[in-house]
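Commentary on secondary and tertiary structure
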Amino acid sequence: LYLGMKKLIILLLFIPLVSFGQNELKYFNKGKKSFEKENYDKASTYLNNALELNPSYVDAHFYTGLLNTKLKQYDKAILNYNKVLELDLHNELAYLNRGRINYILKNREAAQSDFKNAIEIDSKFIEAYDNLVLVSQSLKDYKTGILAITKLIELNPNFRNFFRRGLIKYRMGDKVGACKDANKSKKLNPNFSLVNQLIKNSCN
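Residues numbered from 1 in each chain as written. Predicted model: local features only at pLDDT ≥ 70, side-chain atom pairs only at ≥ 80, totals over all residues. Heavy atoms only, no water.

Quick notes on the overall build of the protein chain
Rule in force here: Helix and strand definitions follow DSSP, with helices as H or I runs of at least four residues and strands as E runs of at least two, each counted in order from the N terminus. Exposure classes here rest on a 1.4 Å probe applied to the protein chains alone. A residue is buried below 20% of its type maximum, exposed above 50%, and partly exposed in between. The contact definition used throughout considers only heavy atoms, calling two residues in contact when any of these lie within 4.5 Å. Surface accessibility in these figures is a Shrake-Rupley result with a 1.4 Å probe; residues are shielded only by whichever protein chains are displayed.
Along the protein chain, the regular secondary structure elements total 11 helices and 0 strands. Along the protein chain, helices (α) and strands (β) appear in the sequence α-α-α-α-α-α-α-α-α-α-α when read from the amino end. Within the protein chain, buried positions represent 39% of all 204 residues. Within the protein chain, contacts between residues separated by at least 24 positions form 46% of all contacts whose residues are at least 6 apart in sequence. Summed over its atoms, the accessible surface of the protein chain is roughly 12200 Å², and 55% of this surface lies on carbon and sulfur atoms.

Take a look at the structure:
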């Protein structure tokens with residue numbers, strides 16, 4: 001009799017927990033769909049409902065970050081991604097998105113650090129390399145920019161990336177290297193007009 005009663009108590013305790021999880025997922029899915037339909041007021045309400053039920057719901061914090069970014073509420077979005085990374089330190093997308101916001105807010109060193117962290121988690125994260133090149137150029141940290149764009153070329157060897165590396169080399173004073181990359185870019189896309197000026201400046 002005692003064992004039977006114990007099982008019943010465990011079952012009664014278990015049912016609300018299952019219902020609780022289903023409710024937070026229901027609210028999250030509604031919030032996600034509302035966000036995708038650009039119904040941001042409803043998205044905010046549903047995501048907040050999910051977080052009220054589970055304050056540690058990583059995906060709900062992440063989508064709230066996306067929502068606040070869309071609404072250009074950047075300070076709030078930073079806090080959302082901070083919370084995501086507090087709960088999931090290896091969330092490379094949160095680092096990427098926070099880095100992009102930091103770049104917009106002109107927190108360039110913080111942005112660079114975020115992109116580096118994203119790459120440490122995923123060494124083939126093309127978007128993170130792309131953004132790291134951009135922020136490193138703005139900081140005139142050409143060494144980091146060259147390393148990032150070289151890796152990006154390994155992952156995606158298109159004319160644009162050869163041009164970007166050539167431009168960084170030119171700014172570093174490496175005209176020979178700039179000329180080589182400019183010609184590679186030109187060969188991959190003869191109609192890319194911007195490369196002609198780089199060739200003119202670096203190859204003569």
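Some details on helix 10 (residues 175-188)
Using the following cut-off: Working rule for helices: expected span equals 1.5 Å times residues minus one.
Between the first and last C-alpha of helix 10 there are 20 Å, a value that for 14 residues agrees with the 20 Å anticipated at 1.5 Å per step. Regarding helix 10, the residues found buried are Gly 177, Ala 178, Cys 179, Asp 181, Ala 182 and Ser 185. Buried positions along helix 10 lie against helix 9 (159-172) and helix 11 (194-202).

Digging into the confidence of the model for the protein chain
Condition: Residue-level confidence of the predictor, termed pLDDT, takes values from 0 up to 100.
On average, the protein chain scores 91 in pLDDT, and the residues at 70 or more come to 90%. Per-element confidence in the protein chain is highest for helix 6 (residues 108-121), whose mean pLDDT is 98, and lowest for helix 1 (residues 2-36), whose mean pLDDT is 65. This stretch, residues 1-20, has a pLDDT under 50; its non-local contacts, to residues over four places away or in other chains, come to 2 contacts.

Regarding the packing of aromatic side chains
Basically, it comes down to this: Stacked, edge-to-face and tilted are the three classes for Phe, Tyr and Trp ring pairs, Trp counted by its six-membered ring, which pair at centre distances within 6.5 Å; planes under 30 degrees apart are stacked, over 60 edge-to-face, the rest tilted. Only when the NZ of Lys or the CZ of Arg is both within 6 Å of the ring centre and within 35 degrees of the ring normal is a charge said to sit over the ring.
For the coordinates displayed, the defined rule picks out 9 aromatic pairs. Taken together, a centroid distance of 5.8 Å and an interplanar angle of 50 degrees make the contact between Phe 35 and Tyr 40 tilted. Residue classification places Phe 35 among the buried residues on the basis of a relative accessible area of 15%. By relative accessible area, which is 18% here, Tyr 40 ends up buried. Relative to Tyr 63, the ring of Phe 62 lies with its centre 6.2 Å away and its plane at 65 degrees, an arrangement referred to as edge-to-face. Each of the two residues, Phe 62 as well as Tyr 63, counts as buried. Among the aromatic residues, ring-to-ring pairing joins Phe 28, Phe 35, Tyr 40, Tyr 57, Phe 62, Tyr 63 and Tyr 81 into one connected group. Its guanidinium or amino end placed over the ring of Tyr 27, Lys 26 lies 5.2 Å from that ring's centre, counting from NZ or CZ. One Lys or Arg, Arg 108, reaches over the ring of Tyr 103 and ends 4.4 Å from the middle of that ring.

Quick word on the side chain of Arg 164
For the record, the criterion: Any pair of nitrogen or oxygen atoms within 3.5 Å is treated as a polar contact; in protein, a donor-acceptor pairing is required on top of that, and neighbouring residues in sequence qualify only through side-chain atoms on both sides.
Relative to the elements of secondary structure, Arg 164 occurs in helix 9. There is a polar contact of 2.5 Å between the side chain of Arg 164 and the side chain of Asp 130. For Arg 164, the residues in contact, after removing those within four places along its chain, are Asp 130, Val 133, Leu 134, Ile 149 and Leu 152.

Describing the nonpolar core
For soluble globular proteins, the rule of thumb is that nonpolar side chains tend to be buried together. Filter applied, for reference: Put simply, a nonpolar core is a bunch of buried Ala, Val, Leu, Ile, Met, Phe, Trp, Tyr and Cys residues held in one set by side-chain atoms that sit within 4.5 Å of each other.
Grouped together as the largest cluster of nonpolar side chains are 41 residues, with contacts concentrated most on Phe 28 and Ala 60. If we ignore the near neighbours within four places in the chain, the residues touching Phe 28 are Leu 47, Ala 50, Tyr 57, Asp 59, Ala 60 and Tyr 63.

Digging into the environment of Ala 60
Relative to the elements of secondary structure, Ala 60 occurs in helix 3 (residues 58-70). Through-space distance from the C-alpha of Ala 60 to that of Leu 47 is 5.8 Å; in sequence the pair is 13 residues apart.

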